[in-house]
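# Results of the structural survey
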Amino acid sequence: MKKWIVIIGLMLALLIGGYVVVFKLIVPKTAAAFMPVKWQNVPLGQKKSVVGEYLGIPVRKNGNSYQWEQKINDRKRYVLDVTYNDTIAIGYDVAYEVKILGWIQRSEIKSDSLSHD
C-alpha cells in the first residue's frame, strides 16, 4: 500500500512540476518572443488620438482603459490594455492567454508606465 502512495505522490509532483515549467516559464517566454511588433513600443505620454492612429480601433473601452486583442486561433490570444489619465496614455500591459482543457492561463509578458515624479 505504501508503494502506491509513493508512486501517486511522485506522479502528482511530476504533473505539478510540468505545469509550472510549461505555463510559468516556457509559455511566457515564447509568447513574449512572438508579441505583435507594434505592441512592443506603445507611445506612452501621447494623446488617445495618437495612440489610436498607431494601434487601431480598440475592441473594448472600460472607463480610462482601452483594450486591443490579437487572436492567434480559438485558444490563443494577445491582449493589450492601455490606461489613460484623461486623454494621455500613462501605462500599458500586454498579456498572453491560452485556453487548455477549459482553463484560461493568462501570462503578463510586458508592462510599462510613465513615472510620477
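Residues numbered from 1 in each chain as written. Predicted model: local features only at pLDDT ≥ 70, side-chain atom pairs only at ≥ 80, totals over all residues. Heavy atoms only, no water.

### Some words on the overall build of the protein
So the rule is basically this: The numbering of helices and of strands both runs from the N terminus, where a helix is a DSSP run of H or I of at least 4 residues and a strand a run of E of at least 2. Under the scheme applied here, a residue whose accessible area is under 20% of the maximum for its type counts as buried, over 50% as exposed, and between as partly exposed, the area being computed with a 1.4 Å probe on protein chains only.
Helices and strands together make up the secondary structure of the protein, namely two helices and five strands. Reading the protein from its N terminus to its C terminus gives the helix and strand order α-α-β-β-β-β-β. Dimensions of the protein along its principal axes, counting C-alpha atoms only, are 65 × 35 × 25 Å. Evaluated residue by residue, the protein yields a buried proportion of 29% over its 117 residues.

### Concerning the pattern of salt bridges
Proximity of charged atoms lets side chains of opposite charge pair with each other. We count it as follows: By convention in these notes, a salt bridge is any Lys or Arg side-chain nitrogen within 4 Å of a carboxyl oxygen on Asp or Glu.
Enumeration according to the criterion identifies six salt bridges in this entry. Here Arg106 ties to Asp81 by a salt bridge, and the two come within 3.7 Å at their closest N and O atoms. In this pair, Arg106 sits in strand β5 (residues 103-113) while Asp81 sits in strand β3 (residues 76-85), placing the two residues 25 residues apart along the sequence. Its relative accessible area of 15% is what places Asp81 among the buried residues.

### Quick notes on the environment of Asp112
To keep things clear, this is the line we draw: Every residue pair with non-hydrogen atoms within 4.5 Å of one another is taken to be in contact.
The topology assignment puts Asp112 in strand β5. With near-sequence residues (within four places) excluded, Asp112 lies in contact with Leu44, Gly91 and Tyr92.

### Describing helix α1 (residues 2-33)
The α-helix winds at 3.6 residues per turn, so residues separated by three or four positions along the chain end up facing the same way. We count it as follows: Multiplying one less than the number of residues by 1.5 Å gives the expected span of a helix. Bending is quantified residue by residue as the angle between axes fitted to the seven-residue window ending at that residue and the seven-residue window starting at it.
When the terminal C-alpha atoms of α1 are compared, their 45 Å separation across 32 residues agrees well with the 46 Å that a helix rising 1.5 Å per residue should span. Bending of α1 peaks at approximately 35 degrees at the position of Ile26, with proline Pro28 no more than four residues after it. The inward-facing, buried residues of α1 abut β3, β4 (88-100) and β5.

### As for the confidence of the model for the protein
Defined as follows: Note on scores: pLDDT gives the predictor's confidence for each residue, bounded by 0 and 100.
Residues at a pLDDT of 70 or more form 98% of the protein, whose mean pLDDT is 89. Looking at the elements of the protein, mean pLDDT is at its lowest for α1, recorded as 87, and at its highest for strand β2 (residues 65-71), recorded as 95.

### What to know about the nonpolar core
The condition is simple: Nonpolar cores are built from buried Ala, Val, Leu, Ile, Met, Phe, Trp, Tyr and Cys residues. Side-chain atoms within 4.5 Å join them into one set.
Of all hydrophobic cores here, the largest spans 21 residues; its most connected members are Trp39, Trp68, Leu80 and Val82. Looking at this core, the elements with two or more residues in it are α1, α2 (48-55), β2, β3 and β4. Take this core: its biggest share by element is five residues, from β4. Setting aside its immediate chain neighbours within four residues, Trp68 contacts Trp39, Val51, Leu55, Gly56, Ile57, Pro58, Val59, Tyr78, Val79, Leu80, Val82 and Tyr84.

### Observations concerning the packing of aromatic side chains
Put simply, the test is: Two aromatic rings from Phe, Tyr or Trp, using only the six-membered ring of Trp, form a pair when their centres are within 6.5 Å; if the ring planes differ by under 30 degrees the pair is stacked, by over 60 it is edge-to-face, and anything between is tilted. Cation placement over rings: the criterion is NZ of Lys or CZ of Arg within 6 Å of the ring centroid and within 35° of the ring normal.
Inspection of the entire model under this criterion finds two aromatic pairs. With a centroid separation of 5.0 Å and 55 degrees between ring planes, the pair formed by Tyr78 and Tyr96 is classed as tilted. Highlighted residues: Tyr78 in strand β3 and Tyr96 in strand β4, separated in sequence by 18 residues. Among the residues examined, Tyr78 registers a relative accessible area of 3% and is labelled buried. Its end group placed over the ring of Tyr84, Lys48 keeps NZ or CZ at 5.2 Å from the ring centre.

### Brief notes about the pairing of β3
Applicable threshold: At least two bridges found by DSSP between two strands are what make those strands a pair.
The sheet contact formed by β2 and β3 spans seven bridges and is antiparallel. Each residue of the ladder has a partner; that of Gln67, found in β3, is Asp81. Hairpin connection from β2 to β3: four residues lie between these consecutive antiparallel strands.

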